[in-house]
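Understanding the architecture of this molecule
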Amino acid sequence: MPNSQPQQIVACVVYTDRMIEASAAQVIHNSKKIDHIELGWSGDDSTRLYRKTFPTPPKQDELVEALREAMSEVCKKRPASLVLASPSPLKSTAPSERGFDSSGYGVTEASGLFPAWSGLDLYALACDACASIIDPMDIHVQLDVALASLGEYHWRLNHKELTSETTRQKQKLYAARVGRSVDQVIFDEHSVSYVKLSSDINAALTQQGVLFEGKGNPYLSMLHPHRCNIIDHGFNDDFEGDCSLHNDCFGGMLTQRALKRRVEIYRSDGLSMNEIALRKALVIVEYAVQLCEILVAAHRPSLIVLDGRVVNDRDSEMGPDGLLISAINDQLYKRLAVIDADGNVSLKPSYIQHNFDEGFRFVQAASCPNPLTYGALAHAANIIAAAGKIVNLRKRSGKQSME
Ligand SMILES: [Zn+2]
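About the cut-offs
- Residues numbered from 1 in each chain as written.
- Predicted model: local features only at pLDDT ≥ 70, side-chain atom pairs only at ≥ 80, totals over all residues.
- Heavy atoms only, no water.
- Helix = DSSP H or I, 4+ residues; strand = E, 2+ residues; numbered from the N terminus.
- Contact = heavy atoms within 4.5 Å.
- Areas by Shrake-Rupley, 256 points an atom, 1.4 Å probe, with all protein chains shown as cover.
- Core = buried A, V, L, I, M, F, W, Y, C linked by side-chain atoms within 4.5 Å.
- Buried < 20%, exposed > 50% of the residue type's maximum accessible area, 1.4 Å probe, protein only.
- Salt bridge = Lys/Arg side-chain N within 4 Å of Asp/Glu carboxyl O.
- Donors = N, O, S within 2.8 Å, 3.2 Å for Na, K, Ca; no water.
- Polar contact = N/O pair within 3.5 Å; in protein donor to acceptor, adjacent residues only side chain to side chain.
- Phe/Tyr/Trp six-rings, centres within 6.5 Å; stacked < 30°, edge-to-face > 60°.
- Lys NZ or Arg CZ within 6 Å of the ring centre and 35° of its normal.
- Pairing = 2+ DSSP bridges.
- Patch = residues over 30% accessible without salt bridge, like charges linked within 9 Å, V, L, I, M, F, W, Y side chains within 5 Å.
- Lys, Arg positive; Asp, Glu negative; His and termini not counted.
- Charge placed at Lys NZ, Arg CZ, Asp CG, Glu CD.

1. Notes on the overall build of the chain
Counting its secondary structure elements, the chain contains 11 helices and 15 strands. Within the chain, counting contacts between residues at least 6 apart in sequence, those at least 24 apart form 67% of the total. As presented, the chain carries roughly 19200 Å² of accessible surface, and 51% of it is formed by carbon and sulfur atoms.

Okay, here's the thing in structure tokens:
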């Protein structure tokens, strides 16, 4: 009987790939524990309230107008909470800093990749557009990858039935061996590192259902990878890089634009289609593995989710969970392995051993059809639950009511 449980409407406005979308969902809280929030969201279009696409990157005034339109659609549902997702780095995402002029909460940094988003005060914009409908304390601005990592975590938690039978069996065996429940094994220490490889490169971590927050911009794309030097294939990477600031940072090597430019150069060098495809795949695998190594060293995630169009070409055999992801897993396994003096191969640290041994693929494609929207709605739901602002429809009185 879903109607007897506490319910709430939450909403989000997200921007992806020249497109703005607004969605709302009814949240059914089973308890205040954030792991047990269930969104009344089926993955279809039923929760979408607004969508606008831009054929070319929008100018800032066009973007602001579309954001206002999206938020006024959202306000018609009278949601309890709104989350705004930004593709551009943010000066601050710490909720405690809201309302302080100098904090920069929800204000975007200058962005070379998303010029229209540079220096926008998204929080002020949302407060203004939703005035008298949503309490400013219930308006949140967050980085898109951060919300997507939360989305993947909650999607996997709520869709355990999608796990393959083989993996489930292995999880059961392992849980029995260590004397814990399957849920504990999968989620108690579970952390999802979500990496977006698309027009920009960024990553975020969700630990035990909570975003790992710090400075809004991890600057992951600005780190420099080691040059790809794949002797076996007789190929040294001499591509100069595509970043106007650092040339061959990850952002200059692994974004869609950088890969496109690389392919153009190979074409003009007269390489065959097969040779170009092979080199492109080798380059993606090599630099994606280096990114994963950095994440393992920094965050120790139990799972790395690679998403974005660089690894997510659904029309190709390289697509989700296809050859690319397999190759990345294989290479990462080799890099993380150590060979002792007797020639025995082992993995370090032990949690990686666990991941490979028990049938989990350490690096996976996204399983949620729309991690960003799902994560944004989950974030809104988490905040309401954490604040105890749950409207109990059965027992509408006193503290539990928002009225
Ligand atoms: Zn750069």
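Now that the structure has been shown, the text picks up again.
2. Observations regarding the nonpolar core
In this structure, Val195, Leu197, Leu291, Ile304, Leu306 and Ile328 are the most contacted members of the largest nonpolar core, which totals 39 residues. Sorting the residues of this core by element identifies strand 7 (191–197), strand 8 (201–207), helix 6 (250–253), helix 7 (256–268), helix 8 (273–299), strand 12 (303–307), helix 9 (323–336) and strand 15 (363–365) as the ones contributing at least two each. With residues up to four places along the chain from it excluded, the contact list for Val195 reads Asn202, Ala203, Leu291, Leu295, Ile304, Val305, Leu306 and Asp307. Of all hydrophobic cores here, the second largest spans 33 residues; its members include Ala11, Ala24, Ala70 and Trp117.

3. Section: the pattern of salt bridges
Enumeration according to the criterion identifies 14 salt bridges in this entry. Measuring nitrogen to oxygen at the nearest pair gives 3.8 Å for the salt bridge that ties Asp237 to Arg227. Pair noted here: Asp237 is in the loop between strand 11 (235–236) and helix 6 and Arg227 is in the loop between strand 9 (210–211) and strand 10 (229–230), with a separation of 10 residues, a long-range link. Residue Asp237 is classed as buried on the basis of its relative accessible area, which comes to 7%. A salt bridge links Glu275 to Arg279, with the shortest nitrogen-to-oxygen separation between them at 3.3 Å. With Glu275 and Arg279 both in helix 8 and four residues apart, the pair spans about one turn of that helix. Arg279 gets classed as buried once you look at its relative accessible area, which sits at 17%.

4. Quick word on the coordination of the zinc ion
Within the protein, the zinc ion binds to Cys243 (SG), His246 (ND1) and Cys249 (SG); these donor distances fall in the range 1.9 to 2.2 Å. Here the donor residues of the zinc ion are spaced in sequence according to C-x2-H-x2-C.

5. Overview of the environment of Glu109
Assignment of secondary structure puts Glu109 in the loop between strand 5 (81–86) and helix 2 (122–129). Taking the C-alpha atoms as reference, Glu109 lies 5.5 Å from Pro89; in sequence the two are 20 residues apart.

6. Points about the side chain of Thr108
Mapped onto the fold, Thr108 is located in the loop between strand 5 and helix 2. Of note is the side chain of Thr108, whose polar atom sits 2.7 Å from the backbone nitrogen of Leu120. Apart from residues lying up to four places away in sequence, Thr108 is in contact with Ser86, Ser88, Pro89, Leu90, Lys91, Trp117, Ser118, Gly119, Leu120 and Leu122.

7. Describing the packing of aromatic side chains
Under the criterion given, the structure shown has two aromatic pairs. Between Tyr105 and Tyr123 the ring centres are 5.1 Å apart and the planes differ by 85°, which places this aromatic pair in the edge-to-face class. On the criterion of sequence distance, the pair formed by Tyr105 in the loop between strand 5 and helix 2 and Tyr123 in helix 2 is long-range, its members being 18 residues apart. For Tyr105, a relative accessible area of 4% gives the class buried. When the ring centre of Tyr266 is taken as origin, the NZ or CZ atom of Arg279, which lies over that ring, is 5.1 Å away.

8. Regarding the sheet that holds strand 9
Strands sit in the order 9-8-7-12-15 across an open sheet of five strands; the sheet is mixed. Because the sheet does not close on itself, it has two edges, and the strands there are strand 9 and strand 15. As paired elements, strand 8 and strand 9 share two bridges and run antiparallel to each other. Each residue of the ladder has a partner; that of Gln207, found in strand 9, is Val210.

9. Concerning a negative patch on the surface
The grouping of Asp61, Glu62, Glu65 and Glu69 at the surface amounts to a negative patch. Structurally, the position occupied by Asp61 is in helix 1 (residues 60–75). For Asp61, a relative accessible area of 55% puts it in the exposed group.

10. Focus: unusual backbone geometry
With a phi angle near 70°, Ser132 is a residue other than glycine that sits in the positive phi range. Assignment of secondary structure puts Ser132 in the loop between helix 2 and strand 6 (139–143). Its relative accessible area of 72% is what places Ser132 among the exposed residues. Of note in this structure, Asn247 is not a glycine but carries a positive phi near 55°. If you trace the backbone, Asn247 turns up in the loop between strand 11 and helix 6. Judged by relative accessible area, which is 45%, Asn247 ranks as partly exposed.

Keep in mind these values describe shape, not function.
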